[in-house]
Amino acid sequence: MAKIKIDFVSDVACPWCAVGLGGLLEAWRRLDGAAEIALHFRPFELNPDMPPGGQNTIERLMQKYGYTRERVQANRQVIEQRAAAVGMPMRMTDENRSYNTFDAHRLIHWAGLQGQERQIALKKRLLETYHHENLDTRDPEVLARAAGEAGLDEAEAREVLASGRYAEEVRAEEAEWRSRGISSVPSLVINDKYLVSGGQPPDVYEQVLRQVAAEG
């Protein structure tokens, strides 16, 4: 059986990352065991300097890209529809806020040490926490509760967050992927050879995975 390694560079704050993950998981399901996939989530922060309490998301996007409010709202409607189509529900309102996600990345790193299924479950739950519930991912209680809901040990998650564990590892990984030329997310690096950028639909990911699997 072909073995495929996927480094999924992304941020919990990135709605297109939710679209991409939903599309990838559906493509994986369609492979129906045709390849053994090792999926690893790698950290990338869209808002590393976001202050406590966050910032209104529409205002942030208008400032960052120079978009009008109407364009931001139209773009968000498209993303919301694309996300819903791949089982990643979102609820985007004018009141949504953007938050720092560094501690979420620490928790995702911790989950990865407990296995692929645990890490996927936590990643999905944190994307829902951010984009559907729009809760503050700087809040350790929000993060620990999400970990518990994803099937991880909530008390241990709380200890990881309080202790600062895995901060160095996350910073090192962020620097590594930047040094490898990753400047936007989601970015999927497959078998250290191929790059698929953006939140693609399942058909695109399925085609890529089947092509890579055929290479053996």
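Residues numbered from 1 in each chain as written. Predicted model: local features only at pLDDT ≥ 70, side-chain atom pairs only at ≥ 80, totals over all residues. Heavy atoms only, no water.

### Here's the deal with the pattern of salt bridges
Now for step 1: Under the defined criterion, the tally for this structure stands at 21 salt bridges.
Now for step 2: The salt bridge partner of Glu 26 is Arg 30, with a shortest N-O separation of 3.0 Å. Taken together, the residues Glu 26 and Arg 30, both in helix H1 (residues 15–31) and four residues apart, mark about one turn of the helix.
Now for step 3: The class for Arg 30 is partly exposed, based on a relative accessible area of 28%.
Now for step 4: Note that Arg 158 and Glu 141 form a salt bridge whose closest N and O atoms lie 2.9 Å from each other. With a gap of 17 residues between them, Arg 158 in helix H7 (residues 154–163) and Glu 141 in helix H6 (residues 140–149) connect regions that are remote in the sequence.
Now for step 5: Residue Arg 158 is classed as partly exposed on the basis of its relative accessible area of 28%.
Now for step 6: Three or more residues joined by partner-sharing salt bridges are found here, namely Lys 5, Asp 7, Arg 42, Glu 173, Glu 176, Arg 180 and Asp 192. (Salt bridge = Lys/Arg side-chain N within 4 Å of Asp/Glu carboxyl O. Helix = DSSP H or I, 4+ residues; strand = E, 2+ residues; numbered from the N terminus. Buried < 20%, exposed > 50% of the residue type's maximum accessible area, 1.4 Å probe, protein only.)

### Thoughts on the sheet that holds strand S6 (residues 194–197)
For sheets, the rule is that strands pair by backbone hydrogen bonds, running either parallel or antiparallel.
Now for step 1: Strand order in this open sheet of four strands is S2-S1-S5-S6, and the pairing throughout is mixed. The outermost strands of the open sheet, each flanked by one partner alone, are strand S2 (35–43) and S6. Within the sheet, the average angular offset between the axes of one strand and its neighbour, ignoring direction, is 20 degrees.
Now for step 2: Summarising the sheet, strand S1 (residues 2–10) and S2 pair through nine bridges and their orientation is parallel. When the bridges of S2 are listed, Ile 4 appears paired with Ile 37.
Now for step 3: The sheet contacts of helix H8 (residues 167–179) involve S1, S2 and strand S5 (187–190), and relative to S2 the element is tilted by about 105 degrees. (Pairing = 2+ DSSP bridges. Axes fitted to C-alpha atoms, helices over the stretch in contact; angles between N-to-C directions. Contact = heavy atoms within 4.5 Å.)

### Considerations on H6
Now for step 1: Restricting attention to buried positions, one finds in H6 the residues Val 142, Leu 143, Ala 144, Ala 146 and Ala 147.
Now for step 2: Residues of H6 that are buried make contact with helix H4 (102–112), helix H5 (116–131) and H7.
Now for step 3: Two or three places before Glu 141, at the start of H6, stands the capping residue Asp 139, its side-chain oxygen 2.9 Å from that residue's backbone nitrogen.
Now for step 4: Immediately downstream of H6, the backbone of Gly 151 shows phi near 95 degrees, a positive value. (Polar contact = N/O pair within 3.5 Å; in protein donor to acceptor, adjacent residues only side chain to side chain.)

### A look at the packing of aromatic side chains
Now for step 1: Evaluated as defined, the whole model comprises three aromatic pairs.
Now for step 2: Centre to centre, the rings of Phe 8 and Phe 41 are 5.5 Å apart; their planes meet at 70 degrees, and the pair counts as edge-to-face. A residue pair is termed long-range when its members are at least 10 positions apart, and Phe 8 in strand S1 and Phe 41 in strand S2 qualify at 33 residues. The two residues Phe 8 and Phe 41 agree in class, both being buried.
Now for step 3: Aromatic pair Tyr 65 and Tyr 67: ring centres 5.3 Å apart, planes at 20 degrees, arrangement stacked.
Now for step 4: When its relative accessible area of 25% is taken as the criterion, Tyr 67 is described as partly exposed.
Now for step 5: Residue placement shows Arg 171 over the ring face of Phe 102; its charged tip is 3.8 Å from the ring centre. (Phe/Tyr/Trp six-rings, centres within 6.5 Å; stacked < 30°, edge-to-face > 60°. Lys NZ or Arg CZ within 6 Å of the ring centre and 35° of its normal.)

### Brief notes about the side chain of Ser 187
Now for step 1: You can see Ser 187 is positioned in strand S5.
Now for step 2: Given the relative accessible area of 2%, Ser 187 is considered buried.
Now for step 3: Polar contacts involving the side chain of Ser 187 include one to the main-chain carbonyl oxygen of Ser 184, which spans 2.7 Å.
Now for step 4: Residues within four places of Ser 187 in sequence aside, it is in contact with Asp 7, Phe 8, Val 9, Ile 182, Leu 195, Val 196 and Ser 197.

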